[in-house]
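Structure assessment
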Amino acid sequence: METYDPQAIEVKWQRVWADERAFSVSNPEPGEAQPREKAYVLEMLPYPSGDLHMGHVLNYTLGDVITHYRRRNGYSVLRPMGYDSFGLPAENAAIRQGGHPRETTEQSIANIRRQMQRLGWAIDWERELSTHQFEYYRWTQWLFLRLLEAGLAYRKKAAVKWCPNDQTVLANEQVVDGRCERCGAEVEGKKLEQWFFKTTAYADRLLDEIEDVGYWPDRVIAIQRNWIGRSEGAEIIFRIEELDIDVPVFTTRPDTLFGATFFVFAPEHELVPKLVQGTEHEEEVLDYVRRTAAASTFERMDPEKEKTGVFTGRYATNPATGEPIPIWVSDYVLLEYGTGAISGVPAHDERDFAFAQRFGLPLRTVVVPAEGAESEPEEVFSAHTGDERLVNSGQFSGMAAPEGARAIVEWLEGRQAARFAVGFRLRDWGFSRQRYWGCPIPVVYCGACGIVPVPDDELPVLLPEVEDYTPRGKPPLATNEEWLRVPCPRCGVEGRREAETMDTFVDSSWYFLRYCDPHNDGAPFERRLVDYWLPVDQYIGGAEHATMHLLYARFFVKVLNDLGLLGFREPFMRLFNQGSINFRGARMSKSRGNVVPPDEMIARHGADALRLYILFMGPVDQDKEWQDTGIEGMVRFLNRLWRFVHEVAAREGADEAEEGPLVRKAHETIARVSDDIGRRFVFNTPISAVMELVNELGRDVSAPGARFAAETAVSLIQPYAPHVAEELWSTLGHERLLERPWPVADESKLARETFELVIQVNGKVRDRVEASMDESEEQLVERALASPRVEAQLDGREVRQTIVVPGRLVNLVV
Ligand SMILES: [Zn+2]
Ligand SMILES: [Zn+2]
């Protein structure tokens, strides 16, 4: 018998699969009546900034098991791969390595592709794409132009988050606790002309239609809901008489309007300079605006932080009381929430209260608990309670709070000073970046025509070469004069190209559509094909993408649906977040020096052993600790499987037994593994189930049914360890296991082990019935209650407690 040599076997089968294009899946032909049932299995595409790490190995091996399982269950499976190769991760890697981003990125891609192929993943390599290739980004530009035409892409001067380290603007979503999500640097505030996608126009639909996805982790749905953050309330107009300006304010508590005693603008609000222009307050206010611009959102929202602010010398009119209230500027008001201005209700809002205390502003109590508090309300802060009524609120005094809120808004609505409104936390998506390595934005600035889109037939606008691509605070593309100066597509006069590039999240907002039609050079994709393959049946990736990527991809799909480019509204039906792989107690990372390189493990133990171990470590959604002894255990298991299968195969005319314990065990294993993978979405226990079967087989390889048990073990382990399984399948005299239908358990052969269930009432035996070992505790209790003798004993009395000893008894306590 040959010994198990994973290196030889794995490379051999990988060559066979490549030659036979085993994992290439064809698109349905036009007019094909009944295309095969499809499954689209997709893992989030990697940033090519170095080597694959164990997290990737877990993610893609999981997708691989699902792919094989679905293929062998008769589905036409689309399982593509690509690289998110534009953007900060790739560019920063290039800067670290001192090369051009294109070179280092393409080296990384070649390396990652080699690693993926060495792991034997069932990928349709004919659909491979890289977002930095012009064949791809040409269509990113084309889609941008469709959003521009639809009024969903626009440019405006805005207060932005700036990463001083990456020298670029960040989306709100890229700021985590006041720090850059990419590099951890403290984020600064800046005011810049920026490109935005109007995600807010889809806020309602992004929120409501999340109900239409299939299975998503509750946590991710909660994060999306919270991020979109819908709240019911009203928009109230405060008038600044002196300047003849109306300022809208969003509030969720219009019932407290009579208690608004001051007004606050965020420092970045565009009206602030106008308020103080030419007044004695100008210098002080503008100085405050400058000082606070650098503070992070996190800092500003910190309730512990002492409030700061300046008076503007102006007053706004409270539309409910008609009183002028002083206008302040303070950084506890954020531009990105509501309208960037608030009415301060210090008696009923904690932060307004802290601000009023600090600057001696008046308090007015306007709601009190419905019960009690009959005494004259004191002028102090009082938190909201569930059941409140209005006081000090003119004709509305005495009303219950919700009723009062409605009445006040209706009353002001008549005077055009309020309207019911829904507020969202979601902001528009700022997607332009002052960096080199990204998709050029296809517009030309013309002195006469303004912003002019580059015509479709002139796409792609190629990313040019520049002398120095490192970030210096101004877009590197602006340094290439020859590229920058072009005639205006509309009037022909010299204009200037957009020198900023798109955030990489734009690239990844539609890549899953391109996979369906990757070589189309007349359109980003054919609608018929995306309508066939999409929505993605199973999407797999890290939980850290819960807001940005998933929100942006959903936004793109909804827009493209509205534009008639595709026929569905949600891109991903099922979503799964894998856990992380730790080593020595922490997540593997280069900076911690606790990385176990996949290449080294493959060289030592083979890809099959690594694939098995990465899923055997524990439940795939949980964090797990890497152990060298664990992968060694997998190697021992594969060696045992190898030996037993060879022994079975060597037995001439081996039995065709259809009965016996080994046959029963094999059918049980089929049932367990299929249920775990197919229904429960559990991937570690199937490996233990096959190990048990192999142990059973090893006890006597000449037992009746040994051949069936060997074939079953090989067949069931195939999605995990496809190379050795294929090799052993041929040892057993068959061909191409990966194309064989998934085995089906014969129900009649499943072992139904039974036992005598003792049924007690108050500890006294009243009945005995035969029950099956695989019945649940609930089923056993049901059985007990169904016994006529027990029913007679209970005599209508209520069962207070049930005690179940599995495999033995049920005791009903009355
Ligand atoms: Zn940064
Ligand atoms: Zn022009």
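Just above sits the structure.
Since the structure is predicted, the reported quantities are computational estimates derived from the model, not experimental observations. (Residues numbered from 1 in each chain as written. Chains lettered and ligands numbered in written order. Predicted model: local features only at pLDDT ≥ 70, side-chain atom pairs only at ≥ 80, totals over all residues. Heavy atoms only, no water.)

1. Comments concerning the overall build of the protein
Helices and strands together make up the secondary structure of the protein, namely 26 helices and 34 strands. Overall, the C-alpha framework of the protein stretches about 105 × 85 × 55 Å when taken along its three principal axes. Within the protein, the proportion of its 814 residues that are buried is 56%. By sequence separation, contacts in the protein at least 24 residues apart represent 71% of the contacts at least 6 residues apart. (Helix = DSSP H or I, 4+ residues; strand = E, 2+ residues; numbered from the N terminus. Buried < 20%, exposed > 50% of the residue type's maximum accessible area, 1.4 Å probe, protein only. Contact = heavy atoms within 4.5 Å.)

2. Side note on the coordination of the zinc ion (ligand 2)
Looking at the zinc ion (ligand 2), the protein donor atoms are Cys446 (SG), Cys449 (SG), Cys488 (SG) and Cys491 (SG), and they sit 2.2 to 2.3 Å from it. Taken together, the 4 donor atoms surrounding the zinc ion (ligand 2) define angles of 104 to 114 degrees at the centre, an arrangement classified as tetrahedral. Along the chain, the residues that donate to the zinc ion (ligand 2) are spaced as C-x2-C-x38-C-x2-C. Of the two residues, Cys449 sits in the loop between strand E21 (443–446) and strand E22 (450–453) while Cys491 sits in the loop between strand E23 (485–487) and strand E24 (494–497), which places them 42 residues apart along the sequence. On the accessibility criterion, Cys449 (26% relative accessible area) is partly exposed. (Donors = N, O, S within 2.8 Å, 3.2 Å for Na, K, Ca; no water. Tetrahedral: all angles 85-135°; square planar, octahedral: opposite > 155°, others 65-115°.)

3. Let's talk about the pattern of salt bridges
Per the stated rule, a full pass over the model turns up 55 salt bridges. A salt bridge links Arg485 to Glu481; the nearest nitrogen and oxygen atoms lie 3.1 Å apart. In this structure, a network of salt bridges that share partners links the residues Arg205, Glu209, Arg554, Lys558, Asp562, Arg569 and Glu570. (Salt bridge = Lys/Arg side-chain N within 4 Å of Asp/Glu carboxyl O.)

4. Quick notes on the nonpolar core
Within the largest apolar cluster, 92 residues are counted, with the highest numbers of intra-cluster contacts made by Met54, Leu615, Trp626 and Phe683. Discounting chain neighbours no more than four positions away, the residues touching Trp626 are Met54, Ile581, Asn582, Phe583, Met588, Val596, Met601, Leu610, Tyr613, Ile614, Met617 and Ile631. (Core = buried A, V, L, I, M, F, W, Y, C linked by side-chain atoms within 4.5 Å.)

5. Structural notes on the packing of aromatic side chains
Ring pairs (aromatic) are described by centroid distance and by the angle formed between their planes. Summed over all chains, the structure comprises 45 aromatic pairs. Taken together, the aromatic side chains of Phe144, Trp195, Phe197, Tyr202, Trp429, Phe431, Phe505, Tyr552, Phe555 and Phe556 make up a single cluster linked through ring pairs. Note that Lys190 overlies the ring of Trp162, its terminal NZ or CZ placed 3.8 Å from the centroid. If you follow Arg425 out to its NZ or CZ, it ends over the ring of Trp227, 4.7 Å from the centre. (Phe/Tyr/Trp six-rings, centres within 6.5 Å; stacked < 30°, edge-to-face > 60°. Lys NZ or Arg CZ within 6 Å of the ring centre and 35° of its normal.)

6. Some points on the packing of helix H20 (residues 628–650) against helix H24 (residues 722–731)
Across the interface, H20 lies against H24 with an axial gap of 9 Å and an inter-helix angle of 15 degrees. Considering the angle they form, H20 stands roughly parallel to H24. The chirality of how H20 crosses H24 is right-handed. Of the residues in H24, those in contact with Leu638, Leu641, Trp642, Val645, His646 and Ala649 of H20 are Val724, Glu727, Leu728 and Thr731. (Axes fitted to C-alpha atoms, helices over the stretch in contact; angles between N-to-C directions. Parallel < 35°, antiparallel > 145°, perpendicular 65-115°, else oblique. Left-handed = near helix turned anticlockwise from the far one by under 90°.)

7. Details of the coordination of the zinc ion (ligand 1)
Around the zinc ion (ligand 1), the donor atoms from the protein are Cys163 (SG), Asp166 (OD), Cys180 (SG) and Cys183 (SG), and they sit 2.1 to 2.3 Å away. Between consecutive donors of the zinc ion (ligand 1), the numbers of intervening residues give the motif C-x2-D-x13-C-x2-C. Placement of Asp166 in the loop between strand E5 (153–163) and strand E6 (168–170) and of Cys183 in the loop between strand E8 (179–180) and strand E9 (188–197) is noted, with a sequence separation of 17 residues between them. The buried category is assigned to Asp166, whose relative accessible area is 3%. Under the relative-accessibility criterion, Cys183 is labelled partly exposed at 31%.

8. What to know about helix H4 (residues 101–118)
Spanning 18 residues, H4 covers 25 Å between terminal C-alpha atoms, matching the ideal 26 Å at 1.5 Å per step. Every buried residue belonging to H4 is among Pro101, Thr104, Thr105, Ser108, Ile109, Asn111, Ile112, Gln115, Met116 and Arg118, and all of these are buried. Once H4 finishes, Gly120 follows within two positions and takes phi at roughly 75 degrees, a positive value. (Expected span 1.5 Å × (residues − 1).)

9. A look at the sheet that holds E9
Within a sheet, adjacent strands bond to each other through the backbone by hydrogen bonds, running parallel or antiparallel. With antiparallel pairing, 4 strands are arranged side by side in an open sheet as E6-E5-E9-E19. In this open sheet, the two edge strands, each paired with only one partner strand, are E6 and strand E19 (429–430). Relative to E6, E5 runs antiparallel, the two being bridged by 3 bridges. In the sheet register, Cys163 faces E6, and the bridge partner there is Thr168. (Pairing = 2+ DSSP bridges.)

10. Remarks on the sheet that holds strand E30 (residues 624–625)
With mixed pairing, the 3 strands of this open sheet are ordered in space as E29-E28-E30. Among the strands making up the open sheet, the edge pair consists of strand E29 (586–587) and E30. As defined by bridge partners, strand E28 (residues 581–583) adjoins E30 across 2 bridges and the pair is classed as parallel. Across the sheet, the residue bridging to Ile581 is Lys624, located in E30.

11. Points about the packing of helix H19 (residues 607–616) against helix H22 (residues 685–699)
At a minimum axis distance of 8 Å, the contact between H19 and H22 shows a crossing angle of 120 degrees. Each of Leu612, Leu615 and Phe616 in H19 lies in contact with H22, whose residues at this interface are Ile687, Ser688 and Met691.

12. Examining the pairing of strand E33 (residues 801–805)
Where E33 lies against strand E34 (residues 809–813), 5 bridges are found, and the strand directions are antiparallel. If you follow Val804 over to E34, its bridge partner there is Val810.

13. Observations regarding unusual backbone geometry
Between Leu459 and Pro460 the backbone carries a cis peptide bond, its omega angle lying at 0 degrees. Within the secondary structure layout, Pro460 lies in the loop between E22 and helix H13 (481–484). Positive phi, close to 50 degrees, is recorded for Asn762, a residue that is not glycine. Structurally, Asn762 is set in the loop between strand E31 (754–761) and strand E32 (764–772).

14. With respect to H19
Where burial is concerned, most of H19 is hidden: 9 out of the 10 residues are buried. Of the positions making up H19, those classed as buried are Ala607, Asp608, Ala609, Leu610, Arg611, Leu612, Tyr613, Ile614 and Leu615.

15. Focus: the side chain of Asn582
With respect to the helices, strands and loops of the structure, Asn582 is situated in strand E28. Here the side chain of Asn582 touches Ser580 through a polar contact of 3.2 Å, side chain to side chain. Excluding anything up to four places from it in sequence, Asn582 contacts Arg587, Met588, Asp623, Lys624, Glu625 and Trp626. (Polar contact = N/O pair within 3.5 Å; in protein donor to acceptor, adjacent residues only side chain to side chain.)

16. Topic: the environment of Gly344
Within the secondary structure, Gly344 sits in strand E15 (residues 341–344). For Gly344, a relative accessible area of 0% corresponds to the buried category. Along the sequence, Gly344 and Gly630 sit 286 residues apart, while their C-alpha atoms lie 61 Å from each other. Beyond its immediate sequence surroundings of up to four residues, Gly344 is in contact with Gly259, Ala260, Thr261, Phe262, Phe263 and Asp352.

17. Some remarks on the side chain of Glu10
Positionally, Glu10 belongs in helix H1 (residues 6–19). Filtering out sequence-adjacent residues up to four positions away, Glu10 remains in contact with Tyr4, Arg118, Gly606, Ala607, Asp608 and His723.

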